[in-house]
Amino acid sequence: MLQLENLSRRFGATAAVSGVSLSIPAGQMVGVIGRSGAGKSTLLRMVNRLTEPSEGRILHEGQEVTRLRGQALRDWRTRCGMIFQQFNLVPRLDVLTNVLVGRLNHHPGLLGTLGTLFKRFPAEERAMALMALDRFDLAGQAPQRADTLSGGQQQRVAIARAMMQQPRILLADEPIASLDPRNARTVMDALRDVNRRDGITVLCNLHHLETAREYCGRIVALQAGRVMFDGAPGELTAARLRDIYGVSEAEFDEQSTAPAAARSAGRQASPGRVAPLPA
Ligand SMILES: Nc1ncnc2c1ncn2[C@@H]1O[C@H](COP(=O)(O)OP(=O)(O)OP(=O)(O)O)[C@@H](O)[C@H]1O
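Residues numbered from 1 in each chain as written. Predicted model: local features only at pLDDT ≥ 70, side-chain atom pairs only at ≥ 80, totals over all residues.

The name given to the chain in an unreviewed UniProt entry is Phosphonate ABC transporter ATP-binding protein, and the organism recorded there is Teichococcus coralli.

J.: Account for the overall build of the chain, naming residues and giving values.
T.: When its secondary structure is counted, the chain shows ten helices and ten strands. For the chain, restricting intrachain contacts to residue pairs at least 6 apart in sequence, the fraction spanning at least 24 positions comes to 70%. (Helix = DSSP H or I, 4+ residues; strand = E, 2+ residues; numbered from the N terminus. Contact = placed C-beta atoms within 7 Å.)

J.: Run through the sheet that holds strand E5 (residues 63-64), naming residues and quoting values.
T.: With respect to topology, four strands assemble into an open sheet ordered E2-E1-E4-E5, the strand pairing being antiparallel. The sheet is open, and its two borders are formed by strand E2 (14-24) and E5, each paired with just one other strand. Two strands pair when backbone bridges link them, and strand E1 (residues 2-11) and E2 are joined in this way by seven bridges, in the antiparallel orientation. What sits directly across from Leu2, in E2, is Ile24. (Pairing = 2+ DSSP bridges.)

J.: Describe the sheet that holds strand E7 (residues 169-173), listing the residues and the values that go with them.
T.: In spatial order, the strands read E6-E7-E8-E3-E9-E10; together these six strands make up an open sheet with mixed pairing. The strands lining the two open edges of the sheet, one partner per strand, are strand E6 (80-84) and strand E10 (226-231). Neighbouring strand axes in the sheet, compared pairwise and without regard to direction, differ in orientation by 15° on average. Note that E6 and E7 share five bridges and pair parallel. Following the sheet pairing, Cys80 is matched in E7 by Ile169. (Axes fitted to C-alpha atoms, helices over the stretch in contact; angles between N-to-C directions.)

J.: Provide a residue-level description of the nonpolar core, including the pertinent values.
T.: If you look at the biggest cluster of nonpolar residues, it comprises 76 residues, and the most contacted ones within it are Val99, Ile159, Ala160 and Leu191. Those residues in contact with Ala160, other than ones at most four positions away along the chain, are Val99, Ala132, Leu133, Phe136 and Leu138. (Core = buried A, V, L, I, M, F, W, Y, C linked by C-beta atoms within 7 Å. Buried ≥ 20, exposed ≤ 12 C-beta atoms within 10 Å, placed from the backbone.)

J.: So, helix H5 (residues 123-135): which residues are in play, and what are the values?
T.: With 13 residues, H5 should reach 18 Å at 1.5 Å per residue; the first-to-last C-alpha distance of 18 Å fits that figure. Those residues of H5 that sit buried are Met128, Ala129, Ala132 and Leu133. Looking straight down H5, one finds its buried side chains confined to an arc of 140°; they lie on one side. Exposed and facing more than 90 degrees away from the buried side of H5 are Ala123, Glu124 and Ala127. (Expected span 1.5 Å × (residues − 1). Arc of directions from axis to C-beta.)

J.: Before we move on, could you go through unusual backbone geometry and cite the residues and values that matter?
T.: Backbone geometry at Asn6 places phi at a positive 50°, although glycine is not the residue there. If you trace the backbone, Asn6 turns up in strand E1. What makes Asn6 exposed here is the crowd of 12 C-beta atoms within 10 Å. Not every positive phi belongs to a glycine, and Asn88 is a case in point at roughly 55°. Positionally, Asn88 belongs in the loop between E6 and helix H3 (95-100).

What follows is the structure, given as structure tokens:
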């Protein structure tokens, strides 16, 4: 069980997230929706402490995540895989090594240039990485440079990389916002697969309500940092959506999507285990 208790985050005068309390049982797939600026990313990033809460607590199976420091915090981040809108792969590295990057936290001393990194992982981890790719139909792309893949393929590589951490929770921050509908579907299918087959809890920020309805067993709707709806997809009717946001579903999708793409360019995420790679 992941518990968020009265979680808030302010940025100066902006209350990005305000008093959010949620109990998320292990193995649930939760879609977090809301317009641009509603606080979705901030909420997700607080779970793995990329963003520190201003107030409130996070507990996971009784452990107070908000108190973790040092190695214990790094361990927590390993247990929370994260997927970003812009994939955050190392573009000039081959796909297989990108997936192996997900194991870096298991080898704190492992350093080297990107070119030699692959050889430094044990053979069983290389095999594990290949299996992770194969699962998402990408074994054939293993030797290719990551930047030669389509967006949907790159995002599935990012999921395979996250799976190498053997996470309990997957945080997906707008994972399909940069993808066309066909690629978006392959990525959402991959997230559903790890949720169902591996029992991993998935928290997924989404812009389209229809996607959340189709893939998530529970929808949390944010408005100005507050939870306005928390329930089963079927309960979030057109009338309820209009009550919360004052717009139709089509208008909601349109307003949620447009500014996000522009803003995301200026907000590249920095997952602890990927960024520190030596150039
Ligand atoms: N690092 C930051 N510094 C200052 N303000 C921030 C920061 N991160 C987020 N905010 C502000 O907090 C509010 C919530 O932002 P957040 O990115 O969490 O929303 P979002 O729902 O994820 O939006 P989008 O869908 O556009 O990504 C916004 O007003 C945003 O400008």
